[in-house]
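Structural overview
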Amino acid sequence: MSVIDIHTHYVPRGWPDLGAEAGGTDWPSLRIESERDAMIMVGSKEFRRIGSDCWDAEVRLADMAADGIDLQVVSPTPVFFSYGRPGPEALKVSRIFNDLALDICSPAPDRLLPFAQVPLQDPEAACRELDRCLAAGHVGVEIGNHVGDQDLDSAGVVMFLQHCAEVGAPVFIHPWDMANSPRLDRWMAQWLTGMPAETHLSILAMILGGVFDKVPDTLRVCFAHGGGSFAFWLGRMENAWHGRSDVIATSQFPPSHYLDRFSVDSVVFAPEPLRLLVDTLGSGQVMVGSDYPYPLGERPAGSVVQRAEFLDADAKAAILGGNARRFLNLGAAR
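Since this is a predicted model, take the numbers as computed values, not measurements. (Residues numbered from 1 in each chain as written. Predicted model: local features only at pLDDT ≥ 70, side-chain atom pairs only at ≥ 80, totals over all residues. Heavy atoms only, no water.)

1. Notes on the sheet that holds strand 10 (residues 263-265)
Cut-off, in case you're wondering: Strands are treated as partners if at least two bridges between them are detected by DSSP. Numbering goes from the N terminus for both helices and strands, where a helix is a DSSP run of H or I of at least four residues and a strand is a run of E of at least two. By definition in these notes, contact holds between two residues if any of their heavy atoms fall within 4.5 Å. Axes here mean lines fitted to C-alpha atoms, for a helix over just the part in contact, with angles spanning 0 to 180 degrees between N-to-C directions.
Ordered in space as 1-5-6-7-8-9-10-11, the 8 strands form an open sheet in which the pairing is parallel. Edge strands, defined here as strands with exactly one partner in the open sheet, are strand 1 (4-10) and strand 11 (286-287). Bridge analysis of strand 1 against strand 5 (residues 71-76) gives 5 bridges, and the strand direction is parallel. Each bridged residue has a counterpart across the sheet, and for isoleucine 4 the counterpart in strand 5 is leucine 71. Along the sheet, helix 3 (residues 87-105) makes contact with strand 1, strand 5 and strand 6 (112-116), crossing strand 6 at roughly 175°.

Structure below.
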């Protein structure tokens, strides 16, 4: 049974000085501390400690073997998106990291499938960079869930998503740049509450913002982290769409109409929320995701699906790999 992890990230083991390459200041850099450890810096501030599993294909492949994973989608780490920078700067940074992603995946191109990043604040440049990356060997694109105060229903993002549908590129949507306040500084609350809320808001924007009414149903899009809190609050959205149609009914159909237009990953850590996802979206809209190699991810990858007793054999096979093969347009399992 083929098992595909749709949600993993990479960080290269070093990159050119981004200020020298793109201009500007306070760019991310990497402080190497040993052969296996490094610290991502943003300007002079420590951002995240990482290990060699971020850049070393041999380490990654060994972990995949331990977890029984056949294929990984390898996506950017969102701190490098650079959406707040001028478009030309973000384009240069995207090109640097996209080329480095190919290098990281090159030792096992049949098992490590790179997703690109694009300068989403400049939709035309984003389309060009996506096309360049698809020609170079990337198999899809990861985007953040907003660009400044613009959600996924902004005209520029919709144009980019239409282009993704046209060229057949799958899109993985990941929360980033969460709201901050002193109340969110404790207990990693930005990650524990902010990320699910951001993802929920993004699905809301695509539905109520009419994105699914504007882009063809050939668009393949997946939301990280189980779609955030969306599945739990679908009934509230549906009630609001009908009860306050003067404010909420901005999409052609009620929210439940669009459940077959997007997928989510399975990184919800327990069978009970996984069952809610399957009951809400259907087993055909859920794919294994782990958030590897970060410490808030699932290890072994896919274990919540493997131990879900409520899934029959067909549903389990679909979530473990069949749905991802369709999402990635890989054809039948080899």
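2. Here we look at the packing of aromatic side chains
The description of an aromatic ring pair rests on the distance of the ring centres and on the angle between the ring planes. To be explicit about the condition: Under the pairing criterion, centres of Phe, Tyr and Trp rings, with the six-membered ring standing for Trp, must be within 6.5 Å; the plane angle then separates stacked pairs below 30 degrees from edge-to-face pairs above 60, leaving the rest tilted. To sort residues, take the accessible area from a 1.4 Å probe on protein chains only and compare it with the maximum for the residue type: under 20% means buried, over 50% means exposed, and anything in between is partly exposed. To sit over a ring, a charge needs its Lys NZ or Arg CZ within 6 Å of the ring centre and within 35 degrees of the ring normal.
A full pass over the atoms with the stated rule returns 10 aromatic pairs. Ring geometry for phenylalanine 212 versus tyrosine 258: centroids 6.1 Å apart, planes at 25°, classification stacked. Here the residue phenylalanine 212 occupies a position in helix 7 (residues 211-214), and tyrosine 258 occupies one in the loop between helix 9 (245-248) and strand 10, the gap between them amounting to 46 residues. Each member of the pair, phenylalanine 212 together with tyrosine 258, is buried. Geometrically, the ring pair formed by phenylalanine 212 and phenylalanine 262 is stacked, given 6.0 Å between the ring centres and 20° between the ring planes. With phenylalanine 212 in helix 7 and phenylalanine 262 in the loop between helix 9 and strand 10, the pair connects residues that are 50 residues apart, well separated along the chain. Accessibility assignment for this pair places phenylalanine 212 and phenylalanine 262 in one class, buried. Taken together, the aromatic side chains of Phe212, Phe223, Phe230, Phe253, Tyr258 and Phe262 make up a single cluster linked through ring pairs. Sitting over the face of the ring of tyrosine 294, arginine 48 holds its NZ or CZ atom 4.3 Å from the ring centroid. Between arginine 236 and the ring centre of tryptophan 233, over which it is positioned, the NZ or CZ distance is 5.8 Å.

3. Considerations on the sheet that holds strand 3 (residues 37-42)
By way of backbone hydrogen bonds, the strands of a sheet pair with one another, either parallel or antiparallel. Taken in spatial order, the 3 strands of this open sheet run 2-3-4, and their pairing is antiparallel. Two strands close off the open sheet at either side, each with one partner strand: strand 2 (28-32) and strand 4 (45-51). When the angles between neighbouring strand axes are averaged without regard to direction, this sheet yields 30°. Where strand 3 lies against strand 4, 6 bridges are found, and the strand directions are antiparallel.

4. Overview of the pattern of salt bridges
The cut-off we apply is this: Salt bridge, as applied in this entry: a Lys or Arg side-chain nitrogen positioned within 4 Å of an Asp or Glu carboxyl oxygen.
On inspection of all chains with the given rule, the structure shows 10 salt bridges. Each of Arg31, Glu33, Glu46 and Arg49 takes part in one network of salt bridges that share partners.

5. Details of the packing of helix 3 against helix 4 (residues 123-136)
We apply this condition: Any angle between 65 and 115 degrees counts as roughly perpendicular, while under 35 counts as roughly parallel, over 145 as roughly antiparallel, and the rest as oblique. Should the near helix be turned anticlockwise from the far one by less than a right angle, the crossing is left-handed, and should it be turned clockwise, the crossing is right-handed. Only Asp, Glu, Lys and Arg are considered charged in this grouping, and only Ala, Val, Leu, Ile, Met, Phe, Trp, Tyr, Cys and Pro are considered nonpolar; every other residue, Gly among them, is considered polar.
The contact between helix 3 and helix 4 brings their axes to 11 Å, and the two run at 15°. Relative to helix 4, helix 3 is oriented roughly parallel. Like other packed secondary-structure pairs, helix 3 and helix 4 cross with a definite hand, here right-handed. When helix 3 is examined against helix 4, the residues Leu91, Ser94, Arg95, Asn98, Asp99 and Leu102 are found in contact with a partner set consisting of Ala125, Glu129, Arg132, Cys133 and Ala136. By residue class, the composition of the contact of helix 3 with helix 4 is 5 nonpolar, 2 polar and 4 charged.

6. Thoughts on unusual backbone geometry
The general pattern is negative phi for most residues beyond glycine and trans for most peptide bonds. Omega for the peptide link from tyrosine 292 to proline 293 comes to 5°, which places this bond in the cis form. By the secondary structure assignment, proline 293 is in the loop between strand 11 and helix 11 (303-306). Between arginine 299 and the following residue, proline 300, the backbone shows a cis peptide bond with an omega angle of -5°. By secondary structure assignment, the location of proline 300 is in the loop between strand 11 and helix 11. Positive phi, close to 65°, is recorded for serine 82, a residue that is not glycine. Looking at the secondary structure, you find serine 82 in the loop between strand 5 and helix 3. The buried category is assigned to serine 82, whose relative accessible area is 10%.

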